[in-house]
Amino acid sequence: MGIPLRQAVRVGAYLAKQKLARREKFALTLELEPLFACNLACAGCGKIQHPASVLKQRMPVEQAVAAVEECGAPVVSIAGGEPLMHPEIEVMVDELVKRKKFVYLCTNALLLPRKIDEFRPSPYFAWAVHIDGLEERHDESVCKKGVFAQAVDNIREVQRRGFRVTTNSTFFTNDTPTSVIEVLDFLNNDLKVDQMMLSPAYAYDKAPDQEHFLGVSGTRELFRKVFADGRRRRWRFNHSPLFLDFLEGKVEFPCTAWAIPSYSLYGWQRPCYLMSDGYAASYRELLEETDWSAYGRGRDPRCANCMAHCGYEPTAVLATMGSLRESIRALRG
């Protein structure tokens, strides 16, 4: 199964509304960063390199909710940093769920035991836990031993309490088809998470580890082997089938970063969650005053090796919703 049915129906209706209004650019998912601070220092992350004064800041709930309402996206991914370090994160989630936004709270899961009692299960809410491999590989990725075991234990507990749990896995050059298959089998069959997201790592300029970012050819080779022999159909992905086709190199898409905008303590990030060419004061300003034709593979050298979810999943979703055949395929998985 691809994107959850309730979410697919809501997004489909939202897309139809945009088409009727003849809007060419609009938000599908908001990447909301209410803080940059984190309790881990992962080698591949470029989000914790901000000044100490910025790492201490926390976005007010009212500001976060206003950004969601401003862009109108039906889906909100709350990231960071580690969102569970925000003192009012449960209030933020509750306000968004009240508005029937589909909320994914991205977390390394270490703080779940002390925060879980402040959340309630909802069809509009899911934990999105970062799991980048089995124990040795994951702990290496996050640069701390014992994190994988804690995360797995905490996932089992929130599952016991009735929460929906998804995972988000990022893969690098030191991942092999075998290691990727093993972690996806574990998450799908043993841990039984509801759905999984995956992405090739993007080469953050400020990330400590610059040696292991996948390029386009490496990404395609990796996922062709991972998805071979029909394996793709046995895993529960929270992706459109066309995005998975894109990772394999079966289809080519342009980047539509405007559809997954990023809003943080600095404002609306230009052009996307992964690059920082300044900030806009409003989503409208981001749309209208960003030269979108300057970005994407073949246009900006920083985009040359990017196949990240935030740029290409919305393109795949738009292509899916524009085709009856692909829409049926997405619903069937």
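So, how was this worked out
Residues numbered from 1 in each chain as written. Predicted model: local features only at pLDDT ≥ 70, side-chain atom pairs only at ≥ 80, totals over all residues. Heavy atoms only, no water. Helix = DSSP H or I, 4+ residues; strand = E, 2+ residues; numbered from the N terminus. Buried < 20%, exposed > 50% of the residue type's maximum accessible area, 1.4 Å probe, protein only. Contact = heavy atoms within 4.5 Å. Areas by Shrake-Rupley, 256 points an atom, 1.4 Å probe, with all protein chains shown as cover. Lys, Arg positive; Asp, Glu negative; His and termini not counted. Charge placed at Lys NZ, Arg CZ, Asp CG, Glu CD. Salt bridge = Lys/Arg side-chain N within 4 Å of Asp/Glu carboxyl O. Axes fitted to C-alpha atoms, helices over the stretch in contact; angles between N-to-C directions. Parallel < 35°, antiparallel > 145°, perpendicular 65-115°, else oblique. Left-handed = near helix turned anticlockwise from the far one by under 90°. Nonpolar A, V, L, I, M, F, W, Y, C, P; charged D, E, K, R; others polar. 1 Å grid on protein atoms, 1.4 Å probe; cavity = no way out; pocket = protein on both sides within 12 Å on 5 of 7 lines; lining within 4 Å. Points joined across faces, edges and corners; volume = space filled by probe spheres on them.

Draft legend 1. How the structure looks around the overall build of the chain. A count of helical and extended segments in the chain gives 13 helices and nine strands. Projected onto the principal axes, the alpha-carbon positions of the chain cover approximately 50 × 45 × 40 Å. A buried classification covers 57% of the 333 residues belonging to the chain. Long-range pairs, those at least 24 residues apart, make up 73% of the contacts in the chain with a sequence separation of at least 6. Approximately 14,700 Å² of the chain is accessible, and the part contributed by carbon and sulfur atoms is 51%. In the chain, the 43 positive side-chain charges and the 41 negative ones have mean positions that sit 6 Å from each other.

Draft legend 2. Spotlight on the pattern of salt bridges. Considering all chains together, one arrives at 23 salt bridges under this definition. The residue Arg297 makes a salt bridge to Glu252 at a minimum N-O spacing of 2.8 Å. Remark: Glu252 occurs in the loop between helix H10 (241-248) and strand E7 (262-264) and Arg297 occurs in the loop between helix H11 (283-289) and helix H12 (309-321); sequence separation between them is 45 residues. We classify Arg297 as partly exposed; its relative accessible area is 24%. The network of salt bridges with shared partners includes Glu69, Asp94, Glu95, Lys98 and Arg99.

Draft legend 3. How the structure looks around the environment of Ser199. When you line up the elements, Ser199 lands in strand E6 (residues 195-200). Taking the C-alpha atoms as reference, Ser199 lies 5.8 Å from Ala308; in sequence the two are 109 residues apart. Those residues within four positions of Ser199 in sequence are excluded, and the remaining contacts are Ser169, Thr170, Phe171, Ala308 and His309.

Draft legend 4. Inspection of the packing of helix H3 (residues 61-71) against helix H4 (residues 89-98) at higher detail. At a minimum axis distance of 10 Å, the contact between H3 and H4 shows a crossing angle of 30 degrees. Relative to H4, the element H3 lies roughly parallel. The two elements H3 and H4 meet at a crossing, and its hand is right-handed. Between H3 and H4, the residues in contact are Val61, Ala64, Val65 and Val68 and Val91, Met92, Glu95 and Leu96, respectively. Of the residues belonging to the contact of H3 with H4, the class tally is seven nonpolar, no polar and one charged.

Draft legend 5. Main features of empty space enclosed by the protein. The tally for this structure, following the rule as stated, stands at two cavities of 30 Å³ or more. The volume enclosed by the second largest cavity comes to roughly 100 Å³. Taken together, 14 residues make up the lining of the second largest cavity; nearest its centre are Cys255, Cys272, Met275, Cys303 and Cys306. Among the secondary structure elements, those contributing two or more residues to the lining of the second largest cavity are strand E8 (267-272) and H12. The leading source of residues in the lining of the second largest cavity is H12, at three residues. Partitioned by chemical class, the residues of the lining of the second largest cavity number twelve nonpolar, two polar and no charged.

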